[in-house]
Amino acid sequence: MKNKIILIIIIFLASSCKTAEFGYKTVDISGMIYDFSNKPVPFYNISLGKKYKSSTDINGRFIFQKVPAGNYSITGNKLGYETHADEINIIDNRQIIYIRVPSQKQLLDIADEALTRNDLQSAEEMLERAFLIERNNIEMLIYFAAVKYRQNNYERAVFYLENAQKLGSKDIYIEKFLNKIKELQNEM
């Protein structure tokens, strides 16, 4: 009986030393990814460092299991959404990671609002972020043309509108916009 008690004490001490003193403590970390409308983003790929990979479920939730405490880079991506990259310090199981990532459509909506306010700098910043998600978005190209037009950069505005046409846009307003810009260029 005495040997059994000593063995239990040794096992307890060995396991507590292993988790606390030598840095082998592992934790399960959960989180959620949602968009700028606070809606969950399903099937968003997420990585913690180089070793841990996960994907969000239909409710935007993810989990990393048995992660040693420490500092990690956390990255993620999904087609149609902005790529995420940040640093995180994993401490314990009580941590929950919340990440907000906009869709390209949400960035274009923000750019549209900025254009309405005539805040060309904010509009251009949102469009540049949207460009990194998908370069061949016709709506984005039209917004870029509008920004460049308002900045009196007619050559660049024409460039964006012609690219929208090359992508197959049949919007008659693109043609009208192009004609208006070309008239202004001829007057110069």
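Residues numbered from 1 in each chain as written. Predicted model: local features only at pLDDT ≥ 70, side-chain atom pairs only at ≥ 80, totals over all residues. Heavy atoms only, no water.

Engineer: How would you summarise helix α6 (residues 172-187) if you had to cite specific residues and measurements?
Structural biologist: Spanning 16 residues, α6 covers 23 Å between terminal C-alpha atoms, matching the ideal 22 Å at 1.5 Å per step. Three or more residues of α6 are buried, namely I174, F177, L178, I181 and L184. The arc enclosing the buried residues of α6, seen along the axis, measures out at 125°, which places them on a common side. In α6, those exposed residues whose orientation departs by more than 90 degrees from the buried face are I172, K176, N186 and E187. Turning to α6, the residues buried within the fold contact α4 (138-150) and α5 (154-166). Its side-chain oxygen 2.8 Å from the backbone nitrogen of Y173, D171 forms the N-cap of α6. (Helix = DSSP H or I, 4+ residues; strand = E, 2+ residues; numbered from the N terminus. Expected span 1.5 Å × (residues − 1). Buried < 20%, exposed > 50% of the residue type's maximum accessible area, 1.4 Å probe, protein only. Arc of directions from axis to C-beta. Contact = heavy atoms within 4.5 Å. Polar contact = N/O pair within 3.5 Å; in protein donor to acceptor, adjacent residues only side chain to side chain.)

Engineer: Could you give an account of the sheet that holds strand β7 (residues 96-100), naming the residues involved and the relevant values?
Structural biologist: Strand order across the open sheet formed by three strands is β4-β1-β7, with mixed pairing between neighbours. Of all the strands in the sheet, just β4 (61-68) and β7 have a single pairing partner and so form its edges. Averaged over all adjacent pairs, the angle separating strand axes in this sheet is 25°, with direction ignored. Direction of pairing for strand β1 (residues 26-34) relative to β4: antiparallel, over a ladder of six bridges. Paired with G31 across the two strands is F62, which belongs to β4. (Pairing = 2+ DSSP bridges. Axes fitted to C-alpha atoms, helices over the stretch in contact; angles between N-to-C directions.)

Engineer: Please set out the packing of aromatic side chains residue by residue, giving values where relevant.
Structural biologist: Under the counting rule described, the total for this entry stands at eight aromatic pairs. Consider the rings of F144 and Y160, whose centres lie 4.8 Å apart with planes at 10°: the pair is stacked. Taken together, the residues F144 in helix α4 and Y160 in helix α5 connect sequence positions 16 residues apart. When its relative accessible area of 10% is taken as the criterion, Y160 is described as buried. Seen from their ring centres, F159 and Y160 are 5.4 Å apart, and the 70° between their planes marks the pair as edge-to-face. Looking at R156, its charged tip hangs above the ring of F159, at a distance of 4.2 Å from the centre. (Phe/Tyr/Trp six-rings, centres within 6.5 Å; stacked < 30°, edge-to-face > 60°. Lys NZ or Arg CZ within 6 Å of the ring centre and 35° of its normal.)

Engineer: Account for the nonpolar core, with residues named and values stated.
Structural biologist: Counting residues in hydrophobic clusters, the biggest one holds 29 residues, and the most contacted among them are L108, L115, L127, M140, A145, L161 and I181. Looking at this core, the elements that each hand over two or more residues are α2 (104-116), α3 (120-133), α4, α5 and α6. With seven residues, α4 is the largest single contributor of residues to this core. Counting 19 residues, the second-largest nonpolar core is a separate cluster that includes Y52, Y72, I74 and I99. (Core = buried A, V, L, I, M, F, W, Y, C linked by side-chain atoms within 4.5 Å.)

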